Amino acid sequence: MKLRLAMLAVAGLGAFLMALAQSAPKPLSSFDPQVKPLLARMTLEEKIGQMTQPEQDALKDPADLENLFIGSVLSGGNSDPKEGNSLKAWTDLYDRIQQHSTKTRLRIPILYGIDAVHGHNNVLGAVIFPHHIGLGCTRNPALVEKVERITAEEVRASGIQWAFAPCVTVPQDIRWGRTYEGFSEDPKVVAELAGPAVRGFQGTDLANPLAVLACAKHFIGDGGTAFGSARGGRGLDQGDTRVDETTLRRIHLPGYIAAIQAGVGTIMPSYSSWNGVKSSASKHLLTEILKQELGFQGFLISDYNAIDQMTRDYKEAIGISINAGMDMAMVPTRYREYITDLKALVDEGKVPLARIDDAVTRILRVKFAMGMMDQGRSQLADRGVQKTFGSPEHRQVARQAVRESLVLLKNDRKTLPVSKGAARIHVGGKSADDLGNQCGGWTISWQGTSGDVTPGGTTILAAIRNTVGKGAQVTFSKDGAGAAGATVGVLVIGERPYAEGNGDRADLALAKEDLDAFHNMKSAGIPVVVILISGRPLILGEVLDAADAVLAAWLPGTEGQGVADVLFGDYRPTGKLSYSWPRSMAQLPVNVNSATYDPLFKVGYGLKYE
Ligand code: GLC
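This is a predicted model, so every value here is computed, not measured. Residue positions are given per chain, counting from 1 as you read along its sequence in written order. The model is predicted, so local features are restricted to residues of pLDDT at least 70 and side-chain atom pairs to those at 80 or more, both for listing and for counting; the totals for chains, interfaces and linings are taken over all residues. Values shown for side chains rest on all heavy atoms present in the structure; no hydrogens or waters enter the calculation.

Colleague: I'd like a rundown of the packing of helix α8 (residues 187-202) against helix α10 (residues 254-261), residues and numbers included.
Modeller: Two elements in contact, α8 and α10, have axes separated by 8 Å at closest approach and are oriented at 25°. One element, α8, and the other, α10, form an angle in the roughly parallel class. Judged by the sense of rotation from one axis to the other, the crossing of α8 with α10 is right-handed. Side by side, α8 and α10 meet where Pro187, Val190, Ala191, Ala194, Gly195 and Val198 of the first sit next to Pro254, Gly255, Ala258 and Ala259 of the second. Here the residues of the contact of α8 with α10 sort into 8 nonpolar, 2 polar and no charged. Note on definitions: angles span 0 to 180 degrees between N-to-C directions of axes, and those axes are lines fitted to C-alpha atoms, for helices only across the stretch in contact. To qualify as a helix, a DSSP run of H or I must reach at least 4 residues; to qualify as a strand, a run of E must reach at least 2; elements of each kind are numbered from the N terminus. Any angle from 65 to 115 degrees is called roughly perpendicular, while one under 35 is roughly parallel, one over 145 is roughly antiparallel, and all others are oblique. By convention, the crossing between two helices is left-handed when the near helix turns anticlockwise from the far helix through less than a right angle, and right-handed when the turn is clockwise. We call two residues in contact when some of their heavy atoms are within 4.5 Å. In this classification, the charged set is Asp, Glu, Lys and Arg, the nonpolar set is Ala, Val, Leu, Ile, Met, Phe, Trp, Tyr, Cys and Pro, and all remaining amino acids, among them Gly, are polar.

Colleague: Go over the sheet that holds strand β15 (residues 488-494), please, and point to the residues and values.
Modeller: Strands are treated as partners if at least two bridges between them are detected by DSSP. Read from one edge of the open sheet, 6 strands run β12-β17-β16-β15-β13-β14, paired in mixed fashion. Lying at the two open borders of the sheet, with one neighbouring strand each, are β12 (407-411) and β14 (473-477). Across this sheet, the average inter-strand angle for adjacent strands is 20°, counted without regard to direction. Note that β12 and strand β17 (residues 549-554) share 4 bridges and pair antiparallel. Across the sheet, Val407 pairs through a bridge with Ala552, a residue of β17.

Colleague: Which residues make up helix α12 (residues 314-324), and what are the values?
Modeller: Each residue's exposure class comes from its accessible area (1.4 Å probe, protein chains only) as a fraction of the maximum for that residue type: buried when under 20%, exposed when over 50%, partly exposed otherwise. Of all the positions in α12, only Tyr314, Ala317, Ile318, Gly319, Ser321, Ile322 and Ala324 are classed as buried. Elements that come into contact with the buried residues of α12 comprise α11 (283-293), α13 (335-347) and α14 (353-369). The residue sitting at the N-terminus of α12 and contributing the capping side-chain oxygen is Asp313; that oxygen lies 3.1 Å from the backbone nitrogen of Lys315. Gly325 sits one or two residues past α12 and shows a positive phi near 130°. Throughout this description, a polar contact denotes any pair of N or O atoms lying within 3.5 Å of each other; where both atoms belong to protein, one of them has to be capable of donating a hydrogen while the other can accept it, and for residues adjacent in sequence the pair is counted only when both atoms sit in side chains.

Colleague: I'd like a rundown of the site of the ligand, residues and numbers included.
Modeller: What surrounds the ligand is a group of 13 residues, the closest being Asp115, Arg178, Lys217, His218 and Asp303. Here an oxygen atom of the ligand and a side-chain polar atom of Asp115 are 2.5 Å apart. Within the side chain of Arg178, an N or O atom sits 2.8 Å from an oxygen atom of the ligand. In isolation the ligand exposes 310 Å². Once the protein is present, 95% of that is buried. Throughout, near means a residue has at least one heavy atom within 4 Å of the molecule or strand. In these tables, accessible area is a Shrake-Rupley quantity obtained with a 1.4 Å probe, and a residue counts as shielded only by the protein chains included in the view.

Colleague: Report on the side chain of Asp303, specifying residues and quantitative values.
Modeller: Relative to the assigned elements, Asp303 resides in the loop between β10 (299-300) and α12. One buried charged side chain, Asp303, makes no salt bridge at all; its nearest oppositely charged neighbour is Arg178, positioned 4.7 Å away. If we skip the residues at most four places from it in the chain, Asp303 touches His218, Met268, Pro269, Tyr271 and Met330. The positive count covers Lys and Arg only, the negative count covers Asp and Glu only, and His and the chain ends enter neither. Basic side-chain nitrogens of Lys or Arg form a salt bridge, by our definition, when they fall within 4 Å of a carboxyl oxygen of Asp or Glu.

Colleague: Describe the environment of Pro582, naming the residues involved and giving the relevant values.
Modeller: Topologically, Pro582 is positioned in the segment after α20 (561-567). Between the C-alpha atom of Pro582 and that of Thr458, which follows or precedes it by 124 residues, the distance is 31 Å. Beyond its immediate sequence surroundings of up to four residues, Pro582 is in contact with Ile174, Pro537, Ile539, Gln587, Leu588, Val590 and Leu600.

Colleague: With reference to specific residues and values, describe the pattern of salt bridges.
Modeller: Where side chains of opposite charge bring their charged atoms close, a pairing between them can arise. Here the structure, examined in full by the defined rule, presents 44 salt bridges. As a salt-bridge pair, Asp347 and Lys343 come within 3.0 Å of each other at their nearest N and O atoms. With Asp347 and Lys343 both in helix α13, this residue pair falls 4 residues apart, about one helical turn. In this structure, the salt-bridge partner of Arg377 is Asp374, at a minimum N-O distance of 3.9 Å. A residue is classified by how much of its surface remains accessible, and Asp374, at 35% relative accessible area, is partly exposed.

Colleague: I'd like a description of the packing of aromatic side chains, backed by residues and values.
Modeller: A pair of aromatic rings is counted whenever rings of Phe, Tyr or Trp (Trp by its six-membered ring) have centres within 6.5 Å, and the orientation is called stacked for planes under 30 degrees apart, edge-to-face for over 60 and tilted otherwise. Counting across every chain of the model gives 8 aromatic pairs. Summarising the aromatic geometry, the rings of Tyr94 and Tyr112 are spaced 6.2 Å apart at their centres and angled 45° between planes, so their arrangement reads as tilted. Placement of the pair is Tyr94 in helix α5 (residues 87-101) and Tyr112 in strand β3 (residues 111-114), with a sequence separation of 18 residues. Both rings, one in Trp162 and one in Phe299, keep their centres 5.4 Å apart while their planes meet at 70°; by these two values the pair is edge-to-face.

Colleague: So what's going on with the packing of helix α7 (residues 141-156) against α8? Which residues, and what values?
Modeller: Closest axis-to-axis distance for the α7/α8 pair is 7 Å, and the angle between their directions is 30°. Judged on the interaxial angle alone, α8 and α7 are roughly parallel. Relative to α8, the crossing made by α7 is right-handed. Residues Pro141, Val144, Glu145, Glu148, Arg149, Thr151 and Ala152 of α7 form the contact with α8, whose participating residues are Glu192, Leu193, Pro196, Ala197, Arg199, Gly200 and Phe201. For the contact of α7 with α8, the residue count by class is 7 nonpolar, 2 polar and 5 charged.

Everything listed is a geometric property; what it means functionally is a separate question.
So, in structure tokens, the structure goes:
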């Protein structure tokens, strides 16, 4: 009997290890036997072409793609097809670009990169998921993986195979405009979600036609910059992170370790500096830590024109960054100059050919791993994938993510949940019926816009109307007026869309229009529920005391129905803060890593329904 049990145990362990082996992605270096013979056939021009990524709408001549052997293109936040933002226009653009690669001697397919940072957010009709700040509050790795899996499917529907995501920044000061792109200020939360996010995009086999190459960004310390250290001495974005190496590693490295363990194929070095040295110029960071110590086997893609910031002399700047370990340069417009200068640097011996070969080896590893080099496998878009694009099934997952991202900050006298049978619910606020505010930055355009930004979504007002009982009346006024006599008021306020440095703010107080709307609604003498649509915690001031309930909804995306699910109690709030909520601006920066930690609400805070 004992022998039988032992044999069963061994068999079980074997099955588990097999499953584990199958679930772990193949190391990218395992493709070197296929890379090496191809590399040996390549000219220097063909190699440098693989290291070049221009902006698709900045190509001086589309034929540059084949004449300069370009290996990748991108669409930055505002780089749309000339025919507009429909799924067809994007797919046709992708196919047009890809067809150029078939006209080259070696026919190495082009990797097309885009910022799919909360869904395929450049494309009309795509499902827009909560930004990372909301996903961080779910503390649900399986859900985050599912969100990125769906994002990958919707990205692939357009043919595009590479997302500049997940952002694994660890913002330490919420005055930064990119706070919402981070899961949390807490490195443990970021590490917990980074791996699942990468697996969501890439799966366990990059050759899967629905896999999308992921990109952990921005390495390293992008979220740790000092206020006022940004260019021009204002703000934080692209500024300087002034900490010792132990602190840098403790706070800002865990997300990358998790991403590398999950097999991330690319990493994007940051615009920002560490103690005055540009991350994109640091051999210690890019080569010694990432590639040698952590064994990262994929390739590094620079940020948008980040190389230009190395030095005034562009050619010198290229040499600095490539020699530091940068493998592919995001050179939106100066790509011809970049190619000429990099070739000259090699000819002059200032960039060793071995460095070029290492960079191209890393890039080709990824392309072989993705099945892009498989003979007979079309690299054009598979339009059959489009049948699930923006589907109800996808939207249901986004709705779940919205529900689980909500954090209940206050709920006096059990104001929430609101009864579906309420006689009248008066809704107010600039973001109650505004899909663009709900989605935030990186939505259809780089900065995002207020208003009816994309089809297929549900505003919070519409969701409330969808949910209430037949007898209930729902009225609305953006300024909150007219609430007198209603059973309850629901006020949806917060921030308008922004992205990157445009979101750096020295003051996070609620906008006057929001305070005015609050006073209007409050003057009606009814219970008032405040829902915050924002990319970060805001200074609530009098609103916190005077509101009967406060719900942080962050930037939930298109599926506002998820807010109604919790508002009316069909689901209970489960979200936990992933950022500290400051009492006042005087407290900033305040985070779990602060020496003194006394915020209004701590990381992990979140009320439940009693
Ligand atoms: C931007 C961002 C980066 C993005 C890249 C391409 O400036 O810093 O996150 O992936 O450019 O759009």
